[in-house]
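Structural characterization, general
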Amino acid sequence: MTDKYRSDFKILDQNLVYLDSAATSLKPKYVLDRMEEISGSYISTLSRGFGQNAENTEYLVNTTREKLASFLGCLGGSNSIIFTPNATSAINLVAYGYVDRVLGTDGSILVTNEEHHSNILPWMRLVAKSFDRSLKIADITKGNYLESVLSLIDDRVKLISLSLVGNVYGRINLEDIKIIIKEAHRRDILVFVDAAQAPLSVKIDIKDLDLDFLVISSHKMFAIGNTGVLYVSDRIINDMLPAIIGGGTVSDLKIDVTSLENSTLKVDINTMDKIVTCFDNYHRFEIGTQPVLDIISIGYAIDYIESIGVDKFHTINQENLAYLIQRLKQLDFVNLIEYPNSKEDRSLSSIISFNIKGIHCHDVGFLLGEKNICLRSGMQCASLLLNSLKVPGCLRASLGIYNTQDDIDSLVEELTNIHILFSKK
Amino acid sequence: MDQNLYRKIILEHNESAFHFERPDTFDVELNAQNQSCGDSFDIYLSIKKDPGTEGSYIEDIHFTGSGCALSKAVTSILLKKIYRKSLIEAKTVIKDYISAMSSDDNTLPIDDELLVFIPFRDKTSRKECCLFSASTILKYLES
């Protein structure tokens, strides 16, 4: 176990035990320092200015897009990388810009019950638009992820949307998803991968996976802001419509106001396509003023990650997680919420969920918070899974490269204190 | 905040809540839910006319459900406070408590036992735990 990287995170100079990295990562000094330099020296909006400031900003954003393409092993290069307000927006963009048309009147979307709300609700809304559309939900709680998904694939399924790493179990589903993608593509079914929890646990290789869509969440991987990063295959991107439209996405608006009758523009969806010419590739989806600082920070975050290596992150997190699970298993008042059959060590990421018997998770989370021990309590945005497990909420500890054995010992000690406190009559 | 707060009052009510069972008969059933976390209590009231006055009073009150220690303790104490009270008196108790939890005013006349929840009014993550049952009861009393 190492504390080599702890000093990279200035916030840890305070007496903080941070076990909530699956919610958001701490920000390394490297990224924060670069951002302070940039925001204090030059910055501009995109595609709207001339001069050195504008040039520098364009350069940094383009470089970030290229770094992301390389980091994700992106087929089609940086043209397939779209910045969105957050990861949830990206899922909605795909839902309304493409999947809605593909579904037709009676198509189905297939998910599992471990998906978080943002990978269920947009699809649910989509199938609700037509009576014969449906959402198929695979129950993975018996420990049969692959079989439960494959068994629900039929001719009506048009899209399968899966998390690469689950919010509650924290299992890396990569090997199963590879098989599912092969079967899906054999049957002309699209695959969306929600990789929000994955970039520090899995070396993502879109080319190898042959994905149609993938989303990551920059704030969970050391960037500032909340920018979502959406990959759309170059087979699809220029057929995908901008579900939300506005400035910066079209090359021209061919309207001559002086020729309008009664100054009134009559337009339907077909004529609008003739009047409005959307840019190609990512341009058509990045509406309005972009959060350039947030975007640029992703590039620096990738520099930081690559200076250490995803494999190293994974190794450190696995080592820490194994120690945490071992310590929690020593506490007879703790119920772990684990994926059944989770023997394969490499399938664990950096997340473990649990409860203290007989004590509401919010009471535990709150009391831990009072001791500056931060983790998550509640439904983890994963009601489907917790409802399937008949668990009304849980605690989730999620690790980062900055965590040490001392952090885990502090958590275990405080959990024991809370258990004693609630046991006193 | 000192964990003693939990120990002294909140834990007592969490462990042995006031009238924490579903009664055989009741006149009114209310459902109080914390939208932010899903905690939920059903509150059962028996309302009777007071022969001595024009008004009605809470002859009996119970609750069931699940929630954190804080929300269960608040509900337990509030129910105990308004048990056998006239509807007008009950409304005053609940209103004063909600006002005290929603302002910086420390002079509002709330009972000692309820004072234990005052520190939570500054805790964004816990304030709703202290308020959702009270708001549901007040809505009924004002209807």
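Now for a quick tour of the structure. Model, not experiment: these values are computed from the prediction. (Residues numbered from 1 in each chain as written. Chains lettered and ligands numbered in written order. Predicted model: local features only at pLDDT ≥ 70, side-chain atom pairs only at ≥ 80, totals over all residues.)

Further remarks concern the overall build of chain B. Secondary structure summary: chain B contains 5 helices and 3 strands in total. In sequence order, the secondary structure elements of chain B are arranged as α-β-β-β-α-α-α-α. Against the compact-globule benchmark of 15 Å for 143 residues, chain B has a radius of gyration of 15 Å, which places it among compact chains. Taken along its principal axes, the extent of the C-alpha atoms in chain B is 45 × 35 × 25 Å. In chain B, buried positions account for 34% of the 143 residues. Of all intrachain contacts in chain B linking residues separated by at least 6 positions in sequence, the fraction that spans at least 24 positions is 62%. (Helix = DSSP H or I, 4+ residues; strand = E, 2+ residues; numbered from the N terminus. Rg over C-alpha atoms; globule rule 2.2 N^0.38 Å. Buried ≥ 20, exposed ≤ 12 C-beta atoms within 10 Å, placed from the backbone. Contact = placed C-beta atoms within 7 Å.)

Let's shift gears to the interface of chain A and chain B. With 14 residues of chain A at the contact, the number on the chain B side is 16 residues. Of all the secondary structure elements, the ones that give two or more residues to the side of chain A that touches chain B are α11 (361–370) and α13 (405–423) of chain A. With 5 residues, α11(A) is the largest single contributor of residues to the side of chain A that touches chain B. Here the residues of the side of chain A that touches chain B sort into 6 nonpolar, 4 polar and 4 charged. (Nonpolar A, V, L, I, M, F, W, Y, C, P; charged D, E, K, R; others polar.)

Right, let's get into the pairing of strand β4 (residues 134–138) of chain A. Residues and elements named next belong to chain A. Relative to β4, strand β3 (residues 108–112) is paired through 5 bridges, and the arrangement is parallel. Each residue of the ladder has a partner; that of Thr112, found in β4, is Ala138. Running through helix α4 (residues 121–127), the crossover from β3 to the neighbouring parallel element β4 is right-handed. (Pairing = 2+ DSSP bridges. Right-handed = clockwise from strand over helix to strand, strands pointing away.)

All names here are of chain A. Helix geometry: helix α3 (residues 87–103) is bent most strongly at Tyr96, by close to 40°. For α3, the tally of buried residues reaches 13 of 17 residues, placing the bulk of the element in the interior. Directly beyond the C-terminal end of α3, a positive phi value near 60° is found at Gly104. (Bend = angle between axes of the 7 residues up to and from the residue.)

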